[in-house]
Amino acid sequence: MRQQAWHVLPWLDVAKVLDVHPGKGLSVKEVHRRLLEVGKNVLVVKKGVHPVFLFLGQFKDFMVLVLLAATVVSGLLGEIADAVTILAILIINAILGFVQEYRAERSMESLRSLTAPEARVLREGLEQRIPAAEVVPGDIVLLEAGDRIPADVRWIQAVNMQVEESALTGESHPVNKSILPLQEELTPMADRRNMGYMGTSVVNGRGAGVVVATGMETEMGVIAGMIQSVEDEETPLQKRLAELGKWLVLISFIVCTAVVVTGVLRGEGFYKMFFTGVSLAVAAIPEGLPAIVTVALAVGVQRMVKRKAIIRKLPAVETLGCATVICSDKTGTLTQNEMTVRQIYSDGRRISVSGQGYDPKGEFHGAEPEKERDPLNAALKIAALCNNSKLTKKGVQVAGLFRSKGNDAPWGVEGDPTEGAILVAAAKAGIWREVLERKQERIGELPFDSDRKRMSVVYKTKQGRMAYVKGAPDMVLKLCRQELTAKGIVELSDERRRHILRANDEMARHALRILAVAEKPLSESEPLDEHVEEGLTFVGLLGMIDPPRPSAIKAIKICRQAGIKPVMITGDHRLTAEAVAHELGMFRGSKSGVVTGEELETMSERDLDERVMDISVYARVTPKDKLRIVRAFKKHGQVVAMTGDGVNDAPAVKEADIGVAMGLTGTDVTKEASAMVLGDDNFATIVAAVEEGRGIYDNIRKFIRYLLSCNLGEVLTMFLATLVGLPLPLLPIQILWVNLVTDGLPAMALGVDGAEPGIMNRSPRAPGESIFARGLASKIGIRGTMIGLGTLFVFVAGLFMGVNMLGARTMAFTTLVFSQLFHVFDCRSEERGIFEVGLFTNPYLVGAVLISTIMQLSVIYLPPLQTIFKTVPLVSWQWILILCIAGGPSVLIGFGRLMKNSWQGKTVIAKGKVY
Ligand SMILES: Nc1ncnc2c1ncn2[C@@H]1O[C@H](COP(=O)(O)OP(=O)(O)OP(=O)(O)O)[C@@H](O)[C@H]1O
Ligand SMILES: [Ca+2]
């Protein structure tokens, strides 16, 4: 089957060789057989790290290795029980670290599969969307502008098809494609006009191809080395934390050395002090930090998926939390994208259309679309023919009401909803493309794109060739010279032109989205290029409603509270945009009305920079304008999210800080340029993702605060004790234990904490902000010192009360553990104390603290563990003292916050500018 010169064969022969019916595609059974035979359509299978190596990796840390060596030595010296316990603790630690990293790895993997590319294929006569990896040789793939070609194909249909092949040939100029066989077998790849290659993308037109090679058999597979592999990008925060981690290692190292040196100078044995120092270093270095950050990011990403936001680039998770401007398309994002034609204008009359949704039943009021040459009838015919969408019932194409009998599934539309709407309107008059096409055949097409804002088709009829055009009325009317009326074709006077434009504005003011339709007879010899759109006959206007999404209205309100500026950038008419923007509440607080693409054209960069912060609605823009708008916002230091769907949107999406692509209607090229894909194309989803982004960042701050203040407390306990000449308050094995019970589960539980209420009432944080900003560093410093001093205080108090060394150490040991188990609840909020947050609102945290408590109690009360950990049971006065010192700060701060916040009113409103 492989290495054929497909380009010299006629396409029907290619289909024959590959044993596929070009109009039906393969059968499911055959697909399975071929999939087994040639394997998946993927280039390189990137293997994750094997779990065993992941586990061993937990021991590669330098300090842990030193501790391991010291343990072995102490084992050899006869301290077998000690050595075994330390080993056990280290292994449990490694298991915890392993679980964290493994989870992180797995969630990143599932993330990758979420963003895997798809392909449209024809199988068993039906159009289907499948993962691109499941494409097999012989499949008929359907492609249109913006699609990435999923495998090597031989074209069997190519309508104005242009493909950008720079990924393969380096040539960035798009190549025209055709289906004609070539003469020369040795034609270089770049000139094989009837072939399409995996990894290249369609930039114009549409077509179909039969797959001739998949996976490593493709031209791309042959040079697979050139493909950029999917790198796991580190987020800026992860990079900064890695940096921080290095500093922490250094500082811990210095402090621990100081502890060892002072201890030895004061006459403690070197070996004992060395052991203490190394244990302290192991405890103080937050080696779990990177893994917890990854888990927090991954968990956040999964939460976003549940809310229909699919992250393609991990750094976007952080940037989302900083977003200050969200630029969004109108159609389908802010509106429902379920359109219904409500009004038609033709021959000077206004006709209203009744009916619900996509059900092709409804009445025309104002005229009857019956007579053959009636202008209304003609308008609907053009609407049906200049159209690539399909009416369906449960995914099955239906042509004509008579064929839908007995199928009670709701009507749906496959393809562009705008086209679907006018198809439904035509069907209401009994006009179906499939029926019309029995008498005329489409021979040419100039596809729609958002720069041209129109689309044309050419049909061969019995009376000769006809061009049918539809598009934005302002564009189409410019191309018209006549008008179709009940009396026949008449000259389009300036007065008539104004009349039509007035009707258009009037409809637009009612938030209708309007298309004009026009036609023109062509001579046989005329070439099928843009000239067919000149000198047209105007036939009518079709106005459709597209109601705003209620969720978008809510989301826009939330944006304002959150200090985020919502901006609508639409290709639609100025008045339509204005009416919809009003319904959405888009103008509140905006100093400027709608700005159109034309006005933008006349604005210099300076003008735009000056005004951009005041403008909330742009209309009749082209994708190029979007890029200018993004740049202007960025000059103001704004963090911009920008949506896009069409191929031409890709540059603006790429330029934005957070490029957002439409999952349902977006093209592959735009998706690949994006950082996030909306599973439901809904504006509200972007806002939900921003909320999650803020929550994730909060969570990272929460456990950094927790880990660092606790570790500081541990180090200070030991350091201060050696400094003032006290006996060591904790033994090495106890230090390691503290590290195990406090750093592991509770920190992880903080990483998956829920978002704080009011998180969308704050202004966005600055993108370059330090993780310790807004008072976090002093919070860590103060609490760490309190934990250290508190522990020492309990230790000294124990000795003072005549408790022996074993007892005093047990008291210090327990105070240190419980101080941290209390403190973890404080870390859940920066503004509110434990009483406002509630102790039981994070069940994972409650569970983690419970487990840690039980672990600590067993170490104190189970006799075999007592001998290993050198502990004694505590009596009630000791417990009271410990709990007061450990829990006091949390309770006192909690009360203070409660008083203060109830005094000031609970919500902290965004301090920045409110839009
Ligand atoms: N399939 C189509 N065929 C012909 N003309 C179309 C088609 N779809 C849209 N138009 C016209 O082109 C204009 C611009 O469309 P475009 O897709 O750029 O933006 P939009 O979908 O209207 O709005 P948004 O940019 O908010 O999604 C529309 O207002 C409409 O008049
Ligand atoms: Ca658009």
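Everything quoted here is computed from the prediction, not taken from an experiment. (Residues numbered from 1 in each chain as written. Chains lettered and ligands numbered in written order. Predicted model: local features only at pLDDT ≥ 70, side-chain atom pairs only at ≥ 80, totals over all residues. Heavy atoms only, no water.)

A. Broad picture of the overall build of the chain. Helices and strands together make up the secondary structure of the chain, namely 32 helices and 28 strands. When burial is assessed residue by residue, the chain has 55% of its 915 residues classed as buried. Considering only residue pairs separated by 6 or more positions, the chain has 71% of its internal contacts joining residues 24 or more positions apart. On the chain, roughly 39,200 Å² of surface is accessible, and the fraction owed to carbon and sulfur atoms is 60%. (Helix = DSSP H or I, 4+ residues; strand = E, 2+ residues; numbered from the N terminus. Buried < 20%, exposed > 50% of the residue type's maximum accessible area, 1.4 Å probe, protein only. Contact = heavy atoms within 4.5 Å. Areas by Shrake-Rupley, 256 points an atom, 1.4 Å probe, with all protein chains shown as cover.)

B. Looking closely at the side chain of D609. Looking at where D609 falls in the secondary structure, it is placed in helix α20 (residues 605-611). Other than its neighbours up to four places away in sequence, D609 contacts A632, K635 and H636.

C. Structural view of the site of ligand 1. If you check the shell around ligand 1, you find 20 residues, and the closest are K330, E419, S450, R513 and T570. For ligand 1, a nitrogen atom lies 3.1 Å from a polar atom in the side chain of K470. Within the contact set of ligand 1, an oxygen atom lies 3.4 Å away from a backbone nitrogen or oxygen of I514. Taken by itself ligand 1 offers 600 Å² of open surface, and the protein chains cover 92% of this. When contributions to the shell around ligand 1 are tallied by element, the ones reaching two or more residues are β18 (464-471) and β21 (513-522). Here the shell around ligand 1 takes three residues from β21, the largest share from any one element. A class-by-class count of the residues in the shell around ligand 1 yields six nonpolar, five polar and nine charged. When we break the shell around ligand 1 down by domain, the ones giving at least three residues each are domain 3 (311-317 + 325-335 + 549-681) and domain 4 (340-545). (Near = heavy atom within 4 Å. Polar contact = N/O pair within 3.5 Å; in protein donor to acceptor, adjacent residues only side chain to side chain. Nonpolar A, V, L, I, M, F, W, Y, C, P; charged D, E, K, R; others polar. Domains from an automatic or database assignment.)

D. Region of interest: unusual backbone geometry. One non-glycine residue, K453, lies in the positive phi region at around 60°. Within the secondary structure, K453 sits in the loop between β16 (441-446) and β17 (454-461). In this model, K870 sits at a positive phi of 55°, which is unusual for a non-glycine residue. Looking at the element boundaries, K870 is found in the loop between α31 (863-869) and α32 (876-904). Overall, K870 belongs to the partly exposed group, its relative accessible area being 33%.

E. Focus on the pattern of salt bridges. Inspection of the entire model under this criterion finds 46 salt bridges. For the salt bridge of R123 with D139, the shortest nitrogen-to-oxygen distance reads 2.7 Å. On the criterion of sequence distance, the pair formed by R123 in strand β1 (residues 118-123) and D139 in the loop between β2 (126-131) and β3 (140-144) is long-range, its members being 16 residues apart. Among the salt bridges present, the one from R783 reaches D826, with a minimum N-O distance of 2.9 Å. Here the residue R783 occupies a position in helix α27 (residues 776-800), and D826 occupies one in helix α28 (residues 805-826), the gap between them amounting to 43 residues. Of the two residues, R783 and D826, both sit in the buried class. (Salt bridge = Lys/Arg side-chain N within 4 Å of Asp/Glu carboxyl O.)

F. Seen up close, the environment of R34. Mapped onto the fold, R34 is located in helix α2 (residues 28-38). Among the residues examined, R34 registers a relative accessible area of 3% and is labelled buried. For the pair R34 and V136, spaced 102 residues apart in sequence, the C-alpha to C-alpha distance is 6.3 Å. Within the local environment of R34, its side chain forms a polar contact with the backbone oxygen of L18, the two atoms lying 2.9 Å apart. In this structure the side chain of R34 is engaged in a polar contact, spanning 2.8 Å, whose partner is the side chain of E30.

G. Region of interest: the nonpolar core. Core analysis: the biggest nonpolar cluster contains 121 residues, and I326, M676, F683, I700 and F703 have the highest contact counts within it. When residues of this core are assigned to their parent elements, the largest contribution, 17 residues, is made by helix α24 (residues 683-724). Those residues in contact with M676 that sit more than four places away from it in its chain are A309, I310, I311, R312, L320, G659, V660, A661, I686 and A689. In terms of nonpolar packing, the next biggest core, distinct from the first, is built from 40 residues, L376, L380, C386 and L515 among them. (Core = buried A, V, L, I, M, F, W, Y, C linked by side-chain atoms within 4.5 Å.)

H. Up close: the packing of helix α17 (residues 550-561) against α24. Contact geometry of α17 with α24 gives a least axis separation of 8 Å together with a crossing angle of 35°. For the pair α17 and α24, the crossing hand works out as left-handed. Contacts from S551, A552, A555, I556, I558 and C559 in α17 reach F683, A684 and V687 in α24. Residue composition of the contact of α17 with α24, grouped by class: eight nonpolar, one polar and no charged. (Axes fitted to C-alpha atoms, helices over the stretch in contact; angles between N-to-C directions. Left-handed = near helix turned anticlockwise from the far one by under 90°.)

I. The arrangement of the packing of aromatic side chains in detail. Per the counting criterion, the structure on display carries five aromatic pairs. Consider the rings of F818 and W879, whose centres lie 5.8 Å apart with planes at 80°: the pair is edge-to-face. Of this pair, F818 sits in helix α28 while W879 sits in helix α32, and the two are 61 residues apart along the sequence. Neither residue differs from the other here; F818 and W879 are each classed as buried. In this structure, R765 is placed above the aromatic ring of Y697, and the distance from its NZ or CZ to the ring centre is 3.4 Å. (Phe/Tyr/Trp six-rings, centres within 6.5 Å; stacked < 30°, edge-to-face > 60°. Lys NZ or Arg CZ within 6 Å of the ring centre and 35° of its normal.)

J. Representation of the packing of α24 against α28. Relative to each other, α24 and α28 sit at 155°, their axes nearing to 10 Å. In terms of orientation, α24 and α28 fall into the roughly antiparallel class. For the pair α24 and α28, the crossing hand works out as right-handed. Here R705, Y706, S709, C710, G713, E714 and T717 of α24 lie close against α28, whose contacting residues are L816, Q820, H823, V824 and D826. By residue class, the composition of the contact of α24 with α28 is four nonpolar, five polar and three charged. (Parallel < 35°, antiparallel > 145°, perpendicular 65-115°, else oblique.)

K. Quick look at the UniProt feature "transmembrane region" (unreviewed entry) in the chain. Mapped onto this numbering, the UniProt entry gives "transmembrane region" (unreviewed entry) at residues 52-74, 80-99, 247-267, 273-299, 780-800, 837-862 and 874-896. Its end C-alpha atoms 35 Å apart, residues 837-862 is made of 77% helix and 0% strand. (UniProt positions renumbered as here; feature names shortened; annotations may be inferred.)

L. How the structure looks around the environment of T214. Looking at the element boundaries, T214 is found in the loop between β7 (201-213) and α7 (219-222). Distance from T214 to N41, taken between C-alpha atoms, is 5.1 Å for residues 173 residues apart in sequence. Setting aside chain neighbours within four positions, we find T214 in contact with V38, N41, V135, V136, P137 and A151.

M. Broad picture of the sheet that holds strand β25 (residues 617-619). With mixed pairing, eight strands are arranged side by side in an open sheet as β8-β28-β27-β26-β9-β23-β25-β24. With partners counted over all chains shown, the strands left at the sheet margins are β8 (309-311) and β24 (595-596), one partner each. Here four bridges tie strand β9 (residues 325-328) to strand β23 (residues 565-569), and the two strands are oriented parallel to one another. Opposite I326, over in β23, you have P566 as the bridge partner. (Pairing = 2+ DSSP bridges.)

N. Geometry of helix α8 (residues 236-265). With 30 residues, α8 extends 44 Å between its outermost C-alpha atoms, agreeing within 8% with the 44 Å of an ideal straight helix rising 1.5 Å per residue. For α8, every residue scored as buried is listed here: L237, Q238, L241, L244, L248, S252, C256, V259, V260 and G263. On its buried face, α8 is in contact with α9 (270-284), α10 (289-306), α11 (315-320) and α24. Just past α8, the residue G267 takes up positive phi, approximately 100°. (Expected span 1.5 Å × (residues − 1).)

O. Representation of the pairing of strand β27 (residues 658-662) within the structure. Of all the five residues making up β27, five are buried; the element is thus mostly covered by neighbouring parts of the structure. Neither face of β27 is open: one carries I658, V660 and M662, the other G659 and A661, and all of them are buried. The pairing of strand β26 (residues 640-644) with β27 spans four bridges and is parallel. Along β27, the bridge assignment pairs M642 with G659. On the question of chirality, the crossover connecting β26 to the parallel β27 by way of helix α22 (residues 650-655) is right-handed. Where β27 and strand β28 (residues 676-678) come together, three bridges link them in parallel fashion. (Right-handed = clockwise from strand over helix to strand, strands pointing away.)

P. Quick peek at the pairing of strand β20 (residues 488-491). Examined bridge by bridge, strand β19 (residues 480-485) and β20 share four bridges and lie antiparallel to one another. What sits directly across from L484, in β20, is I489. In this antiparallel pair of consecutive strands, β19 and β20, the connection spans two residues.

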